[in-house]
Amino acid sequence: MIRRAMIRPGLGIVAAAVASVASAAAVGLGPLSNEGATNTDRKGFYLTLINPEPAVQQFRLYSVEWDSEMPVPRVRIPIDQVALGGNSQGRVLVIDTGLAPGEVHRFRVCAEHIAPAQQEMIHARVCSKLTARRVA
Amino acid sequence: MSKTATRIKLATGIAAAASLTIPAAPAEAQSVIQFTGIVVPSCILTVSTPGLLGVSTNSGTELGSELPGGNAAVLAVIATAGAPTIQFTAPTMSAKPAGYSGSPTISIKYTSTGGASQAYTTASSHYTSSSPLGDTVTVNAKADDAAGFPAGTYQVQTTATCQQ
């Protein structure tokens, strides 16, 4: 509850910017693909979130299936809403959980900036394709 | 030329030769300054120009970015991991006035400097850029309704996704 209350003023600022600044909708993410093996039921990945705009922006990260928009609850993103300063980047941790022995789990993590959806003709997002493999 | 003048000239020549043969500074006195950078294999999408919808003045049955008062949207793509694929969802009407209950046909089309050439479509679509580093996509949108559009604010939206 506190978290939402803290974010709302930020959203108001972003909304105003979208209406008045032409280049307010931007997001960057990398790497676009990665894979890794683990001996446990968890595998972590680091992604780099990029704010190419000169002003601070709020971003949302979420996981979806490899070839659909279905959410993947077993993929955890401890910090899934991030405020990044202008022209800066930050690392985001993604943890795939519940890996069975020998399992190969493919999924995507997408990033988008938080803004009222109806204020954009093009809603931009970037997705990274991740593959986790449990070897034992 | 006098002897004095000759001596001066010789002395000058020796001094010049001496300055050319001064040994370089010892290696241990040198400093190497390096600059290191890492290019993350990433994709950056920037909507550099938001689109505007105009209204057809003769019939009032179409809203479109190519109509008078409209403007195409421009999406800039910067990819450092090779040529990315850009996907567009089927466009929707994300905002409309309360008094409008029609079912418009909504479509988008786009071209890009990286080779995209998509005619107006109501479905999702995608292309892979032929430009490995950057691309600029020009997107047009329109909404058609034979019953027309009452006064109000309308918004057509598509989601553009950059991925490999």
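Residues numbered from 1 in each chain as written. Chains lettered and ligands numbered in written order. Predicted model: local features only at pLDDT ≥ 70, side-chain atom pairs only at ≥ 80, totals over all residues.

J.: What's the story with the overall build of chain A in this structure? I'm lost.
T.: Tallying secondary structure elements over chain A gives one helix and nine strands in all. Helices and strands in chain A line up, N terminus first, as α-β-β-β-β-β-β-β-β-β. Residue burial in chain A is summarised as follows: out of 136 residues, 34% are buried. For chain A, the proportion of contacts with a sequence separation of at least 24, taken over those separated by at least 6, is 70%. (Helix = DSSP H or I, 4+ residues; strand = E, 2+ residues; numbered from the N terminus. Buried ≥ 20, exposed ≤ 12 C-beta atoms within 10 Å, placed from the backbone. Contact = placed C-beta atoms within 7 Å.)

J.: How do you make sense of the confidence of the model for chain A when you look at a structure like this?
T.: Low pLDDT marks stretches whose predicted atomic positions should not be read closely. Residue and element names in this part refer to chain A. For chain A, per-residue confidence averages 83 on the pLDDT scale, and 79% of positions sit at 70 or higher. No element of chain A has a lower mean pLDDT than helix H1 (residues 2-20), at 29, and none a higher one than strand E5 (residues 75-76), at 98. Contacts for the low-pLDDT stretch residues 1-23, under 50 throughout, to residues beyond four places or in other chains number 27 contacts. (pLDDT = per-residue confidence, 0-100.)

J.: Looking at this structure, how should I read the interface of chain A and chain B?
T.: Many descriptions give the size of an interface as the accessible area lost when the pieces come together. Each side of the interface is counted separately: chain A has 25 residues, and chain B has 30 residues. Of all the secondary structure elements, the ones that give two or more residues to the side of chain A that touches chain B are strand E1 (25-30), strand E3 (43-51) and strand E9 (122-134) of chain A. In terms of residues, the side of chain A that touches chain B owes the most to one element, E9(A), which gives seven residues. By the bridge criterion, five bridges tie E9(A) to strand E11 (residues 155-163) of chain B in an arrangement that is parallel. Pairing of A:Ile122 across the sheet is with B:Thr158, part of E11(B). (Pairing = 2+ DSSP bridges.)

J.: Would you explain the pairing of strand E5 (residues 85-88) of chain B in this entry?
T.: In summary, the side chains of a regular strand alternate between the two faces of the sheet. Residue and element names in this part refer to chain B. Only one face of E5 is covered, namely the face carrying Ile86 and Phe88; the face carrying Thr85 and Gln87 is uncovered. Looking at chain direction, E5 and E11 are connected through four bridges and run antiparallel. Bridge pairing links Gln87 to Thr161 in E11.

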